[in-house]
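Structure at a glance
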Amino acid sequence: MMLSVTPKSGATTLTPRKVTPSRFFFQSTKTNSSSSYSLSSSCTASTPARTFSLLMMEENIAIAESIITKWDPNSSSYIKITFLFQHSRKEAKEFLKSVNYLRSAMHVLADGNLSSQLVLAQNLMQTAMKRLEKEFYQILSANRDHLDPESVSSRSSGSAKFYNADEAGSEDEMEIIGESIREVERASSFAMSDLKSIADCMISSGYGIECVKIYKIIRKSIVDGGLFRLGIQQLKSPQVHKMDSEGLESILRNWMDAVKIAVKALFRGEKYLCDHVFSASENIKESCFYEITKEGATTLFRFPELIVKNKKGPERIFWQLEIYEAVSDLWPEIESIFDSESTQAIKLQALSSWLKLSDSVRTILSDFESTIQKDSSKILVFGGGIHPLTQSVMNYVSSLADYYGVLSDILADHPPPGNSSFQEFKSVVSDDCSTPEVSVHLAWLILVLLCKLDIKAEIYKDVSLSYLFLVNNLHFIVEKVNNTPNLKLLLGEDWVSEHMKKVKLYASNYETTAWTKVLSSLPERSADKSPEMAKECFRKFNTEFEEAYRKQTSWIVEDRKLRDNLKVSISQKLVPTYQEFFDTYMVMLSGEKNMELLVRISPNDLGNYLSDLFHGTSASVTSTTSSSLVPSQRCFPI
């Protein structure tokens, strides 16, 4: 009967197990040249060589018996609580060497008819393996802190932790910190070396299963515990679906931080440790690492899929872009860490989430475009101001521009499917093959918005107000591009220049439709008017100007610079013409009665009245006494 160690709940239990001689030769690859013998098929034949070999074999068994028996876990109470590798590293090496001698002797005994010696060797091997199982478990348990994945990870990457001198304090404190780090590194190095020596010995002796079992139990608990401390938990779809925005943002932000630590420290450190301890067997180290990390890594990398599946709305694209970017940055390390056939499933889970994120982003953009096109609200924005759709779309597009690097990767060679208009637009704006796909997509979204704004402008019954609405909204769009560096970089100076020309064209159309009647009420310069005709011109001008003034003081131009430019342009067209008409005919009409009713606006007043425009307030013209020819004492907003 043989005893094997089955760790459970931090304790070591021994369970009986039947042993066959063949077990000791499982995965045995090393043969000591001094103990490799060639025995004749006749066990009775006696030769000097055979006698010498038997003497050497018996000597090896005797050496092994002395040290193995000494460290038999059941030999004494003292030995039960004492650990070999902790007691004497030199003696531990001798113990491992004696096991190798014993294994070599057993190879010889298996070929001969020396059953008594073979039974002794088998019993000694069982005792030795029980001791090594106990030592292996103790080293793993006692060095949990020294073998934490972050510390091991720093060793594997050849990096070291650096401490800020200002934070550390005095030189004495720095020295204490440095010595503490060196002590951890020494302990970690000794523990890893001892674990590897024990694993090599146990695997060579056919006890790889017991060794791996102990390792998996302890190391899996460390990895799972590390992920738990990072806030990684196994969520289900209904849980994610019920989360409010604040709760989701918190868990997403935590995941973003956790995945970096998990990949760069936790998984990388664990792989390095596993590869080092089980370097004797490629299959063992790969399968062992997979068993330790599969549950935690799968939970970690599956999380993006839950977000994609359960959270709807255009705003979710930004979290998905951040997650996609995080996975993209970590992908080379993920591929390197989970590079074996055993861990292929973990890598495929990470890849699946990565691809689903990119698919989801493209779908969201397509849905957002459709939302713009399908917007059928008949809301008239007061005074022809900025439409809420314009603001929301441009805020969205400008935010997308901040992720142009990620979007460039996601949108590469992925235009919206089946959209012929998009393809035609793309061929126009992207005649240069170097134009990024993301630039084309964002320009397309803005074009879709502009087309929708053209339709909304038609809702206004006043044509001039329709043009002012387009002026306001297109100017807002261009300014948004100008004031968003990334968006301006993506769309380019030519795009800005072309759309500023359209703003000026809309402004010109507005002025023509809004002020033509006022300007046409004044006679041409060459016209020679009679007093009655002059009176009629003044009356007509008063009527037309008051009507235009009344309407346009309630209209809105929110951008101050644009508002001032429009006022200046209108003033340059209207004031000089009216000044000339006023100067020409006021002398002719100077003797007329009730001049304040006939000439209600002086040239000096006209500019002040124009300054009232585009503030979204309603006002009326106040009469001015023509004989005084001074502006009325009204307060005109600037």
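The structure displayed is predicted, hence computed values, not measured ones.

Summing up its helical and strand segments, the protein has 24 helices and two strands in all. Put simply, the protein has 638 residues, and 47% of those count as buried. Put simply, 79% of the contacts in the protein that link residues at least 6 apart link residues at least 24 apart. For the protein, the exposed surface amounts to about 31,600 Å²; the carbon and sulfur share of it is 53%.

Turning our eyes to something else, we now look at the packing of aromatic side chains. All chains considered together, the criterion is met by 26 aromatic pairs. Look at Y549 and Y609: their rings are 5.3 Å apart centre to centre, the planes differ by 85°, and that puts the pair in the edge-to-face class. Pair noted here: Y549 is in helix α21 (residues 531-552) and Y609 is in helix α24 (residues 603-610), with a separation of 60 residues, a long-range link. Here the two residues Y549 and Y609 agree in accessibility, since each one is buried. An aromatic cluster is present here, built from W515, F538, F541, F545, Y549, Y578, F581, F582, Y585 and Y609 joined pairwise through their rings. Sitting over the face of the ring of F289, K271 holds its NZ or CZ atom 5.5 Å from the ring centroid.

Our next topic: the environment of L606. Note on placement: L606 falls in helix α24. Its relative accessible area of 0% is what places L606 among the buried residues.

Nonpolar side chains in soluble globular proteins tend to end up buried together. Counting 175 residues, the largest nonpolar core has F136, F267, F278, F301, W515 and F545 as the members making the most contacts within it. For this core, the element with the highest residue contribution is helix α11 (residues 245-277), accounting for 14 residues. Not counting the four nearest positions on each side in its chain, F267 is found in contact with V223, L227, A262, F289, T293, G296, A297, L300, F301, I337 and F338.

Before going further, it helps to spend a moment on the packing of helix α20 (residues 485-520) against helix α22 (residues 560-586). Remark: α20 packs on α22, axes separated minimally by 11 Å, with the N-to-C direction vectors making an angle of 40°. As judged from the angle between their axes, α20 and α22 are oblique. As α20 runs across α22, the sense of the crossing is right-handed. Only L566, S569, I570, K573 and L574 of α22 make contact with α20, whose side of the interface consists of A507, Y510, E511, W515, V518 and L519. By residue class, the composition of the contact of α20 with α22 is eight nonpolar, one polar and two charged.

Before going further, it helps to examine the pattern of salt bridges. Summed over the entire model, instances satisfying the criterion amount to 26 salt bridges. Between K573 and E511 there is a salt bridge whose closest N-O contact spans 2.9 Å. Residue K573 is found in helix α22, and its partner E511 is found in helix α20; the two are separated by 62 residues along the sequence. The class for E511 is buried, based on a relative accessible area of 10%. E546 is paired through a salt bridge with R600; the nearest N and O atoms lie 2.3 Å apart.

Mapped onto the fold, E91 is located in helix α4 (residues 89-111). Not counting residues within four places of it along the chain, the set of residues in contact with E91 comprises I67, K70, W71 and L84.

This next bit is on α22. Along α22, the largest kink reaches about 35° and is centred on S571. Looking at where α22 begins, the residue whose side-chain oxygen comes 3.3 Å from the main-chain nitrogen of K561 is D559.

Below, the discussion takes up unusual backbone geometry. Even without being a glycine, F614 presents a positive backbone phi close to 70°. Relative to the assigned elements, F614 resides in the segment after α24.

Attention shifts here to helix α12 (residues 282-310). Between its terminal C-alpha atoms α12 stretches 40 Å, which fits the 42 Å expected from 29 residues at 1.5 Å a residue. Along α12, the sharpest change in direction is near 50° and occurs at T293.

Summarising the element assignment, Y403 is placed in the loop between α15 (388-401) and α16 (404-411). Using a relative accessible area of 16% as the deciding quantity, one classes Y403 as buried. Along the backbone, Y403 and E325 are 78 residues apart, and their C-alpha atoms lie at a distance of 9.0 Å. With sequence-adjacent residues up to four places away left out, Y403 is seen in contact with F318, L321 and E322.

One can describe the packing of α20 onto α21 by two numbers: an axis separation of 7 Å at closest approach and a directional angle of 145°. For the pair α20 and α21, the contacting residues are Y510, A514, W515, K517 and V518 in the first and F541, E544, F545, A548 and Q552 in the second. For the contact of α20 with α21, a count of residues per class yields seven nonpolar, one polar and two charged.

With that settled, consider the confidence of the model for the protein. Looking at the protein, pLDDT values average 79 and 75% of them are 70 or higher. Here residues 158-169 scores under 50 on pLDDT; set against residues more than four positions off or in separate chains, the count is nine contacts. Scored below 50 in pLDDT, residues 623-638 makes 39 contacts in the model with residues more than four places away or belonging to other chains.

Calculation rules
- Residues numbered from 1 in each chain as written.
- Predicted model: local features only at pLDDT ≥ 70, side-chain atom pairs only at ≥ 80, totals over all residues.
- Heavy atoms only, no water.
- Helix = DSSP H or I, 4+ residues; strand = E, 2+ residues; numbered from the N terminus.
- Buried < 20%, exposed > 50% of the residue type's maximum accessible area, 1.4 Å probe, protein only.
- Contact = heavy atoms within 4.5 Å.
- Areas by Shrake-Rupley, 256 points an atom, 1.4 Å probe, with all protein chains shown as cover.
- Phe/Tyr/Trp six-rings, centres within 6.5 Å; stacked < 30°, edge-to-face > 60°.
- Lys NZ or Arg CZ within 6 Å of the ring centre and 35° of its normal.
- Core = buried A, V, L, I, M, F, W, Y, C linked by side-chain atoms within 4.5 Å.
- Axes fitted to C-alpha atoms, helices over the stretch in contact; angles between N-to-C directions.
- Parallel < 35°, antiparallel > 145°, perpendicular 65-115°, else oblique.
- Left-handed = near helix turned anticlockwise from the far one by under 90°.
- Nonpolar A, V, L, I, M, F, W, Y, C, P; charged D, E, K, R; others polar.
- Salt bridge = Lys/Arg side-chain N within 4 Å of Asp/Glu carboxyl O.
- Bend = angle between axes of the 7 residues up to and from the residue.
- Polar contact = N/O pair within 3.5 Å; in protein donor to acceptor, adjacent residues only side chain to side chain.
- Expected span 1.5 Å × (residues − 1).
- pLDDT = per-residue confidence, 0-100.

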